[in-house]
Protein chains: 2
Amino acid sequence: MAGNGTRTSASGETIQHLKKMIASGEFPPGGRLPTERDLAVQLGVSRNTLREAIRALTLAGLLEARQGDGTYVTSLSPAMLLDTFAMLVELSADATVLDMLEVRRALESVAATQAASRITDEQLGRLAGHLEEMRHDPQRGDGSVDEVVHADAQFHAVVTEAAGNPVLAALIEALSTRTLRARTWRGRVDQGVFDRAIREHEAIFEALRDRDPARAGAVAAAHVAGVEAFLRAAQH
Amino acid sequence: MAGNGTRTSASGETIQHLKKMIASGEFPPGGRLPTERDLAVQLGVSRNTLREAIRALTLAGLLEARQGDGTYVTSLSPAMLLDTFAMLVELSADATVLDMLEVRRALESVAATQAASRITDEQLGRLAGHLEEMRHDPQRGDGSVDEVVHADAQFHAVVTEAAGNPVLAALIEALSTRTLRARTWRGRVDQGVFDRAIREHEAIFEALRDRDPARAGAVAAAHVAGVEAFLRAAQH
DNA sequence: GCACAGTATTGGTTGGGCCAATCCATAGAC
DNA sequence: GTCTATGGATTGGCCCAACCAATACTGTGC
């Protein structure tokens with residue numbers, strides 16, 4: 001009966017069907033889908049198969065199911081969608097880490113450049129705060145590298161936020177896995193290059209504070225390049 | 001004791017569990033998973049629930065199920081993983097198109113820069129071929145814009161291939177949706193700026209042929225910037 | 001008008017069953 | 001001896017029916 005030309009598994013077919021319905025606006029962002037029972041009948045598949053499709057699209061960030069309530073289409077914001085992309089990056093092989101960093105270098109540079117001409121005083125204030133947190137030398141005290149890692153992540157998050165490009169922000173976020181950050185900072189502490197990393201962040205901050213786009217882009221690129229060099233050396 | 005921070009549904013839990021097993025190397029890339037029946041017992045969930053998790057990770061590009069054979073972990077290559085990311089981009093709202101292009105501009109520039117110092121004569125030859133295909137003016141003949149779109153895509157694919165960074169290639173590929181390419185070329189034909197677009201591609205080709213990284217990066221960025229300007233104007 | 005209990009609705013999960021594609025070992029043809 | 005095909009055994013694909021759990025809704029009593 002189905003006889004469709006494409007390689008069709010009922011489940012995969014259902015996924016495509018749902019995607020199409022969402023893309024066509026039949027189910028608008030934020031809108032609610034029919035109940036699983038009804039939708040299964042409508043699509044001509046069992047509820048079980050429909051559920052597999054829904055679950056898959058939920059993991060992809062397209063749908064959101066709330067028990068007792070219903071299933072809704074997400075806002076389809078870049079951040080939401082690229083969030084799942086981050087999951088994939090996390091699982092990538094070590095061999096691709098340097099490739100990812102090369103991309104991140106370009107993106108962070110663009111973000112800093114854009115941010116320099118758009119950043120607000122409030123954002124600059126937060127930046128300064130995170131910079132201060134970062135200065136807590138983990139070698140003394142309880143030595144919690146986690147704190148520094150967190151401050152580092154926050155710092156870069158503010159920069160990408162100031163850049164005002166959600167796609168750019170989401171991509172940078174996705175490429176900056178927490179595990180990589182942690183590894184890098186721990187290595188810096190071990191090798192005594194902690195201060196240099198701090199200075200790099202200060203340079204980015206100062207360029208942004210001076211609203212100097214070209215300089216901001218350059219120092220941001222240099223910063224990531226420093227991480228690259230560090231990791232490249234560590235791989236031997 | 002449920003007070004765990006994470007939202008725990010058996011299905012979501014299973015997805016996390018599988019991801020962990022893959023990340024930890026318990027299921028190495030290319031490796032085969034136990035049968036659904038066995039794995040369901042092992043994870044303490046029903047086979048149906050396990051199937052939802054497997055289907056979700058399959059859509060995400062992490063697993064690959066072959067009926068009658070078994071379920072395998074994919075190669076986890078960037079291209080494979082980012083392929084699903086492309087699907088998400090396709091569904092993004094129009095409002096984010098310009099944001100995406102801004103990112104693409106940076107990435108294409110990097111790709112061209114890298115390619116300039118690594119491209120082989122064979123790749124240059126293919127580039128010239130695609131350039132020739134692109135010159136088939138769609139205004140005469142059957143006016144198949146599709147052909148030009150395809151040649152355009154191939155052209156950029158060769159550039160990213162020559163750049164030698166799989167992550168970069170996959171990202172650019174994902175951000176360059178076919179629908180967007182088609183829309184752009186059709187608009188160029190309508191507005192008679194077809195030749196200019198061809199010249200931009202020629203400029204990229206010549207910079208690569210001369211192995212001039214800086215120039216290649218610059219003209220590539222200018223090319224995407226042209227697309228941006230074109231679409232920005234078209235939105236009004 | 002408001003708090004609360006009961007009920008209907010809806011996604012979450014389970015177990016079992018059957019189908020279809022693939023693999024594999026064995027028997028047969030040449 | 002080598003190749004073929006034939007028939008199980010294995011494995012994912014799909015469906016059905018039922019029950020659980022969380023949420024929304026509704027009507028009652030105050």
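Please refer to the structure higher up on the page.
Not measured: the values here are computed from a predicted model. (Residues numbered from 1 in each chain as written. Chains lettered and ligands numbered in written order. Predicted model: local features only at pLDDT ≥ 70, side-chain atom pairs only at ≥ 80, totals over all residues. Heavy atoms only, no water.)

> Looking at this structure, I do not really get the pairing of strand β2 (residues 70–73) of chain A. What am I missing?
On any regular strand, side chains alternate: one points to one face of the sheet, the next to the other face. Residues and elements named next belong to chain A. Where burial is concerned, the two faces of β2 agree: the one with G70 and Y72 and the one with T71 and V73 are both buried. Strand direction decides the pairing type here: strand β1 (residues 63–66) and β2, joined by 4 bridges, are antiparallel. In the sheet register, L63 faces β2, and the bridge partner there is V73. Counting the residues that bridge the hairpin from β1 to β2 gives 3 residues, and of these G68 lies at a positive phi of roughly 80 degrees. (Buried < 20%, exposed > 50% of the residue type's maximum accessible area, 1.4 Å probe, protein only. Helix = DSSP H or I, 4+ residues; strand = E, 2+ residues; numbered from the N terminus. Pairing = 2+ DSSP bridges.)

> What is the right way to look at the environment of A:R178 in this model?
Residue and element names in this part refer to chain A. With respect to the element layout, R178 can be found in helix α9 (residues 178–191). The class of R178 is partly exposed, set by a relative accessible area of 46%. Each C-alpha atom of the pair R178 and L231 lies 15 Å from the other, and the pair is 53 residues apart in sequence. Beyond its immediate sequence surroundings of up to four residues, R178 is in contact with D146 and V149. (Contact = heavy atoms within 4.5 Å.)

> What is the right way to look at the packing of helix α5 (residues 97–116) of chain B against helix α7 (residues 145–163) of chain B in this model?
All names here are of chain B. One can describe the packing of α5 onto α7 by two numbers: an axis separation of 7 Å at closest approach and a directional angle of 60 degrees. For the element pair α5 and α7, the recorded crossing hand is left-handed. Only H156, V159, T160, A162 and A163 of α7 make contact with α5, whose side of the interface consists of E108, A111, A112, Q114 and A115. In terms of residue class, the contact of α5 with α7 is made up of 6 nonpolar, 3 polar and 1 charged. (Axes fitted to C-alpha atoms, helices over the stretch in contact; angles between N-to-C directions. Left-handed = near helix turned anticlockwise from the far one by under 90°. Nonpolar A, V, L, I, M, F, W, Y, C, P; charged D, E, K, R; others polar.)

> Help me understand the packing of helix α8 (residues 166–175) of chain A against α5(B), please; the structure alone is not making it clear to me.
Their axes nearest at 7 Å, the elements α8(A) and α5(B) cross at an angle of 55 degrees. One element, α8(A), and the other, α5(B), form an angle in the oblique class. Judged by residue contacts, A:P166, A:V167, A:L168 and A:L171 of α8(A) engage B:D99, B:M100 and B:V103 from α5(B). Here the residues of the contact of α8(A) with α5(B) are counted per class, giving 6 nonpolar, no polar and 1 charged. (Parallel < 35°, antiparallel > 145°, perpendicular 65-115°, else oblique.)

> How do you make sense of the protein's contact with DNA strand C when you look at a structure like this?
Residues in contact with DNA strand C amount to 28 residues; listed here are only the nearest, A:R37, A:R51, B:A10, B:N48 and B:T49. For DNA strand C, the backbone makes up 59% of the atoms found within 4 Å of the protein, where backbone means sugar plus phosphate. Looking at the surface near DNA strand C, the elements that each hand over two or more residues are α2 (36–43), α3 (47–59), β1 and β2 of chain A together with α1 (10–23) and α3 (47–59) of chain B. By residue number, the principal contributor to the surface near DNA strand C is α3(A), which donates 4 residues. (Near = heavy atom within 4 Å.)

> What is the right way to look at the side chain of B:T96 in this model?
If you trace the backbone, B:T96 turns up in the loop between α4 (78–91) and α5. Here B:T96 falls in the buried class, since its relative accessible area comes to 10%. Those residues in contact with B:T96 that sit more than four places away from it in its chain are A:P78 and A:V167.

> Explain the relation of the copies chain B and chain A here, please?
Each of the two chain copies goes to the other by way of a rotation about an axis and a shift along it. Overlaying chain B on chain A yields an RMSD of 0.2 Å, the required transformation being a rotation through 180 degrees with an accompanying axial translation of 0.1 Å. The transformation just described matches what one would write down for a two-fold rotation axis. The C-alpha atom lying nearest the rotation axis in chain B is that of B:A56; the distance is 1.8 Å. Looking at chain B, 100% of its interface residues are interface residues in chain A too, so the copies touch through the same face. (Least-squares fit on C-alpha atoms with pLDDT ≥ 70 in both.)

> Honestly, the interface of chain B and chain A in this entry has me stumped. Any pointers?
Note: interface size is frequently given as the accessible area lost on complex formation between the parts. Residue-level contacts link 39 residues of chain B with 39 residues of chain A. Between chain B and chain A, the buried area comes to about 3600 Å², and carbon and sulfur atoms account for 70% of it. On the chain B side of the contact with chain A, B:E52, B:R55 and B:L91 bury the most area, a combined 18% of that side's loss. Scanning the region where chain B abuts chain A turns up 4 salt bridges. Measuring nitrogen to oxygen at the nearest pair gives 2.9 Å for the salt bridge that ties B:R51 to A:E52. Linking chain B to chain A there are 12 residue pairs in polar contact (both at pLDDT 80 or more). At the level of secondary structure, the elements contributing two or more residues to the side of chain B that touches chain A comprise α1, α3, α4, α5 and α8 (166–175) of chain B. (Buried area = accessible area lost by both parts, 1.4 Å probe. Salt bridge = Lys/Arg side-chain N within 4 Å of Asp/Glu carboxyl O. Polar contact = N/O pair within 3.5 Å; in protein donor to acceptor, adjacent residues only side chain to side chain.)

> Please explain the packing of aromatic side chains as it appears in this structure.
Centre distance and the angle of the planes are the two values used to describe a pair of aromatic rings. A full pass over the atoms with the stated rule returns 0 aromatic pairs over all chains. The side chain of A:R66 reaches across the aromatic face of A:Y72, ending 4.2 Å from its centre. (Phe/Tyr/Trp six-rings, centres within 6.5 Å; stacked < 30°, edge-to-face > 60°. Lys NZ or Arg CZ within 6 Å of the ring centre and 35° of its normal.)

> What am I meant to see in the layout of surface pockets here?
It is a probe the size of a water molecule, rolled over the atoms, that shows where empty space is left. Reported here for the second largest pocket is a volume of approximately 1000 Å³. Lining the second largest pocket are 35 residues, with A:S9, B:R55, B:T58, B:E64 and B:A65 sitting closest to its centre. Broken down by secondary-structure element, the contributors of at least two residues to the lining of the second largest pocket are α1 (10–23) of chain A together with α2 (36–43), α3, β1 (63–66), β2 (70–73) and α4 of chain B. With 6 residues, α3(B) is the single largest residue contributor to the lining of the second largest pocket. Here the lining of the second largest pocket is built from residues that sort into 9 nonpolar, 13 polar and 13 charged. (1 Å grid on protein atoms, 1.4 Å probe; cavity = no way out; pocket = protein on both sides within 12 Å on 5 of 7 lines; lining within 4 Å. Points joined across faces, edges and corners; volume = space filled by probe spheres on them.)

> Honestly, the pattern of salt bridges in this entry has me stumped. Any pointers?
Pairing of side chains with opposite charge becomes possible as their charged atoms draw close. This model, assessed by the stated rule, comprises 39 salt bridges over all chains. A salt bridge links A:E122 to A:R126, with the shortest nitrogen-to-oxygen separation between them at 2.9 Å. Here the residue A:E122 and the residue A:R126 both occupy positions in helix α6 (residues 121–134), the gap between them amounting to 4 residues, near one helical turn. Residue A:E122 is classed as partly exposed on the basis of its relative accessible area, which comes to 47%. What you see here is one network of salt bridges that share partners, running through A:E36, A:R47, A:R51, A:R55 and B:E52.

> Would you mind going over the nonpolar core with me for this structure?
One broad trend across soluble globular proteins is that nonpolar side chains are buried collectively. Among the nonpolar cores identified, the biggest contains 50 residues, and A:L18 and B:L18 are the most heavily contacted of them. Not counting residues within four places of it along the chain, the set of residues in contact with A:L18 comprises A:F27, A:L39, A:L43, A:L50, A:A53, A:I54 and A:L57. (Core = buried A, V, L, I, M, F, W, Y, C linked by side-chain atoms within 4.5 Å.)

> Hey, could you run me through the protein's contact with DNA strand D in this one?
Taken together, 28 residues surround DNA strand D, and among them A:A10, A:N48, A:T49, B:R37 and B:R47 come closest. Sugar and phosphate atoms form 63% of the subset of DNA strand D atoms that lie within 4 Å of the protein. At a separation of 2.5 Å, a phosphate oxygen of DNA strand D approaches a polar side-chain atom of A:T49. One of the side-chain N or O atoms of B:Q67 is found 3.2 Å from a base nitrogen in DNA strand D. When residues of the surface near DNA strand D are traced back to their parent elements, those giving at least two are α1 and α3 of chain A together with α2, α3, β1 and β2 of chain B. Ranked by residue count, the leading element in the surface near DNA strand D is α3(B), at 4 residues. Split by residue class, the surface near DNA strand D holds 4 nonpolar, 13 polar and 11 charged.

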